[in-house]
Amino acid sequence: MAMDMPVSGLRIYWKKNSKIIAMHQHGCATQVCYLSVVSSRQRIIIRLKAHFYSSIHSLDEEKTIMGKYFGTDGFRGEAGITLTADHAYKVGRFLGWYYNALRERNGNNEPARIVIGKDTRRSSYMFEYSLVAGLTASGADAYLLHVTTTPSVAYIARVDDFDCGIMISASHNPYYDNGIKLIDCYGEKMPEEILLLVEDYIDGKLHVFDKEWPELPFAHREHIGCTVDYVSGRNRYMGYLISLGIYSFKGVKVGLDCANGSSWNIAKSVFDALGADTYVINNKPNGLNINNNAGSTHIEGLQKFVVENGLDVGFAFDGDADRCLCVDEKGNVITGDHILYIYGCYMKERGKLLTNTVVTTVMSNFGLYKAFDEQGIGYAKTAVGDKYVYEYMAKNGCRIGGEQSGHIIFSKYASTGDGILTSLKMMEVMLAKKMPMSKLAEPLKIYPQVLENVRVTDKKAAQDDEAVQATVKAVAEALGDTGRILVRESGTEPVVRVMVEAPDHDTCQKYVSQVVETIKSRGYGV
């Protein structure tokens, strides 16, 4: 059910039982509103014009607030340095108090329920315990999925009526980094308005419910929250994935690279249950080896593994398994663009591609759009980040979208990128069409692309520098209509990404090097 309401400044914050609790924001003032709805079991989307801190941001303009701590994919940093146990404790304190306060204002005295998952980093345990301490100190109950994937937390938060979910992971980053991803009760990324409130609490300047909160009250006696072992939720998510397998995988030799991360004991269980002959690498996490020459960011290991063992296909996940890349039977990499093409065509052939649109980001390859044109498939381009892909999909009713990096969203089945789900969908196409992966990907001709990440002291200053902009402009003019250049900042790291696509690799490398050298010569390189 969807409702369009002419209410300015209203944003959903929490759903429970028979009411939606929403918050009205105008400037720094806050007011809680209550909207009666038909049923909590129905997914309810309220499309509203909203303005939050209108002097800097308008949701109508589809701009994004980049917070002090939370970027496009959560609060991420080096564990113990830029992301500390104290930060995690405060995040837990705020969320536990906040969702309990919303319940009380709705006449519900039951404690808030918040589900937590984590990846295999050594620091993930530290952050889990800190979050639990904060949540229970504020009177919320913490449900622990233990080591699991980000999409599993999103799934369980949605189907088990949790107030919100928390995933502890830095995704594809090295082991010494970590992150806190917040997920709302719909299994989607937490609204930016709430993230700003979390940041305000961390900085000691929280103003909410028409009041200043220099400190939050502690729960006491029987109101202190409890911790619940919820491994059953993770198992139920695995059962859901298995239920999506419409073909038997019997006789198919499948290689899995689990990146020594969240999928290490989930992916194999799912493929085994569907009958595959499963071969696994990088499934022995020790807290320090997540993403270390493993997984979707180091797919060369899986390429070699597939060829040497004569496998039919291989799938590589990242640290929290929200992305997936493939390797065909010949050892060739199947990128996120290939996946979008293969499954987009499969959906169109069956009349399942609603709106006849595949949602991509500006990082998708030229060749993808040429191939879509040949197939009569429309496409949309968003900013980089699965967050923006999903927002466009939800707003426009699209069924598939994703990124070149392997974040693929199948909106009929999930509200976020899901690496294992993606691998199952690719298996479905192979089995349905009785074709190897190499043949499915063959019509897509990828332009050569060179992408270089430049670690910098100041991302914005590096991009705004006149000399850097002049070099980028010169490259764009030289490429003309034979290629393109894209320079953008990372949403999670102090990095500027320089990407060029052109008819040949040498041309790509030449122009990327020119821009990178300019950035470094201007003193921004680290």
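Residues numbered from 1 in each chain as written. Predicted model: local features only at pLDDT ≥ 70, side-chain atom pairs only at ≥ 80, totals over all residues. Heavy atoms only, no water.

### Observations regarding the overall build of the chain
Stated precisely, the cut-off is as follows: Only runs of H or I of at least four residues qualify as helices and only runs of E of at least two qualify as strands under DSSP, and these elements are numbered from the N terminus. Each residue is placed in one exposure class: buried if its accessible area under a 1.4 Å probe, protein chains only, is under 20% of its type's maximum, exposed if it is over 50%, and partly exposed if it falls in between. In this description, contact between two residues means that some pair of their heavy atoms is separated by no more than 4.5 Å. Note on areas: Shrake-Rupley with a 1.4 Å probe; residue coverage comes only from the protein chains shown.
Within the chain one finds 15 helices and 26 strands. In the chain, which comprises 526 residues, the proportion classed as buried is 57%. Considering only contacts in the chain between residues 6 or more positions apart, those separated by 24 or more positions represent 70%. For the chain, the exposed surface amounts to about 21200 Å²; the carbon and sulfur share of it is 51%.

### Thoughts on the environment of C164
With respect to the helices and strands, the residue C164 is situated in strand β10 (residues 164-168). Residue classification places C164 among the buried positions, given a relative accessible area of 0%. Residues C164 and R113 lie 51 residues apart in sequence; the distance between their C-alpha atoms is 7.4 Å.

### Things to note about the state of the cysteines
Where we set the bar: Disulfides are defined as cysteine sulfur pairs within 2.5 Å.
Applying the stated criterion to the full structure yields 0 disulfides. Free cysteine: C164, not disulfide-bonded; nearest cysteine sulfur from C185 at 8.9 Å.

### As for the nonpolar core
Put simply, the rule reads: Take the buried Ala, Val, Leu, Ile, Met, Phe, Trp, Tyr and Cys residues and link them wherever side-chain atoms come within 4.5 Å; each set so joined is a nonpolar core.
Counting residues in hydrophobic clusters, the biggest one holds 65 residues, and the most contacted among them are V115, V254, F271, F315, I342, I400 and M437. With 8 residues, the top contributor of residues to this core is helix α8 (residues 336-349). With sequence-adjacent residues up to four places away left out, V254 is seen in contact with F271, A276, D277, T278, Y279, L311, V313, F315 and M427. With 40 residues, the next largest nonpolar core counts L102, V132, L144 and L216 among its residues.

### Overview of the sheet that holds strand β21 (residues 378-382)
Convention followed: Strand pairing follows a simple DSSP-based rule, namely that at least 2 bridges must link the two strands. Each axis is a line fitted through C-alpha atoms, and for a helix only the stretch in contact is used; angles between axes span 0 to 180 degrees, taken between their N-to-C directions.
Taken in spatial order, the 4 strands of this open sheet run β21-β20-β22-β23, and their pairing is mixed. With one partner strand each, in any of the chains shown, β21 and β23 (408-410) form the two edges of the open sheet. Put simply, the sheet's adjacent strands are angled 20 degrees from each other on average, direction ignored. Against the sheet, α8 contacts β20 (357-361), β22 (400-402) and β23, and its axis sits at roughly 175 degrees relative to β22. Relative to the sheet, helix α9 (residues 366-375) contacts β20 and β21, its axis offset from that of β20 by approximately 170 degrees.

### Details of the sheet that holds strand β6 (residues 70-71)
The sheet built from 7 strands is open, its strands ordered β6-β7-β11-β10-β8-β9-β14 with mixed pairing. Taken across any chain shown, the strands that pair with only one partner, and hence form the sheet edges, are β6 and β14 (227-229). On the sheet, helix α2 (residues 122-137) packs against β8 (113-118), β9 (141-147), β10, β11 (177-183) and β14 and is oriented at approximately 170 degrees with respect to β8. Contacts between helix α5 (residues 231-243) and the sheet are confined to β9 and β14, with β9 contributing the most and set at about 55 degrees to the helix.

### Let's talk about the environment of V228
Tracing the backbone through its elements, the reader meets V228 in strand β14. Aside from chain neighbours lying at most four places away, what touches V228 is A142, Y143 and L144.

### Quick word on the packing of aromatic side chains
So the rule is basically this: A pair of Phe, Tyr and Trp rings is counted when the ring centres sit within 6.5 Å of each other, with Trp represented by its six-membered ring. The angle between the planes then sorts it: under 30 degrees is stacked, over 60 is edge-to-face, the rest tilted.
In the structure shown here, the tally under the stated rule is 23 aromatic pairs. Between Y341 and F372, the aromatic rings sit 6.3 Å apart at their centres with planes inclined by 35 degrees, giving tilted as the arrangement. Placement of Y341 in helix α8 and of F372 in helix α9 is noted, with a sequence separation of 31 residues between them. The burial state of Y341 is the same as that of F372; both residues are buried. With centroids separated by 4.5 Å and ring planes inclined at 45 degrees, the aromatic side chains of Y369 and Y379 adopt a geometry described as tilted.

### Considering helix α15 (residues 505-521)
To be explicit about the condition: Working rule for helices: expected span equals 1.5 Å times residues minus one. Each direction from the helix axis to a C-beta atom contributes to the arc, which is the arc of those directions.
Helix length check: α15 (17 residues) gives 24 Å between terminal C-alpha atoms against 24 Å at 1.5 Å per residue, within 8%. Buried residues of α15: T507, C508, Y511, V512, V515, V516, T518 and I519, and no others. Burial along α15 is one-sided: seen end-on, the buried residues are contained in an arc of 160 degrees. Turned more than 90 degrees away from the buried face of α15, the exposed residues are D506, E517 and S521. Summarising the contacts, the buried residues of α15 are in contact with β24 (449-455), α13 (459-464), α14 (466-479), β25 (484-489) and β26 (495-501). Remark: G523 follows α15 within two positions and exhibits a positive phi of approximately 90 degrees.

### Comments concerning the side chain of T416
Relative to the assigned elements, T416 resides in the loop between β23 and α11 (419-433). A relative accessible area of 11% places T416 in the buried class. Among all residues touching T416, those that are not within four sequence positions of it are P151, A154, D386, I408 and I409.

### Some remarks on the confidence of the model for the chain
Applied cut-off: Residue-level confidence of the predictor is what pLDDT reports, using numbers from 0 through 100.
Across the chain, the average pLDDT comes to 88, with 87% of residues at 70 or higher. For residues 1-65, every residue scores under 50 in pLDDT, and the model assigns this stretch 158 contacts once sequence neighbours within four places are set aside.

### Side note on helix α10 (residues 386-396)
Of the residues making up α10, those classed as buried are D386, K387, Y388, V389, Y390 and M393. In this structure, the buried residues of α10 make contact with α4 (192-202), β20, β21, β22 and β23. Positioned one or two residues after α10, G397 has a phi angle of 70 degrees, which is positive.

### Some details on the side chain of E188
As for its placement among the helices and strands, E188 is situated in the loop between β11 and α4. Assessed through its relative accessible area of 17%, E188 is described here as buried.

### Focus on the pairing of strand β18 (residues 324-327)
Neither face of β18 is exposed, since C324 and C326 on one face and L325 and V327 on the opposite face are all buried. Note: strand β17 (residues 313-317) against β18, 4 bridges, orientation antiparallel. Looking at the pairing, F317 lines up with C324 of β18. Hairpin connection of β17 to β18: 6 residues between the antiparallel strands, including A321 at a positive phi of 60 degrees. Joining the antiparallel neighbours β18 and strand β19 (residues 333-334) is a turn of 5 residues, in which G331 adopts a positive phi near 95 degrees.

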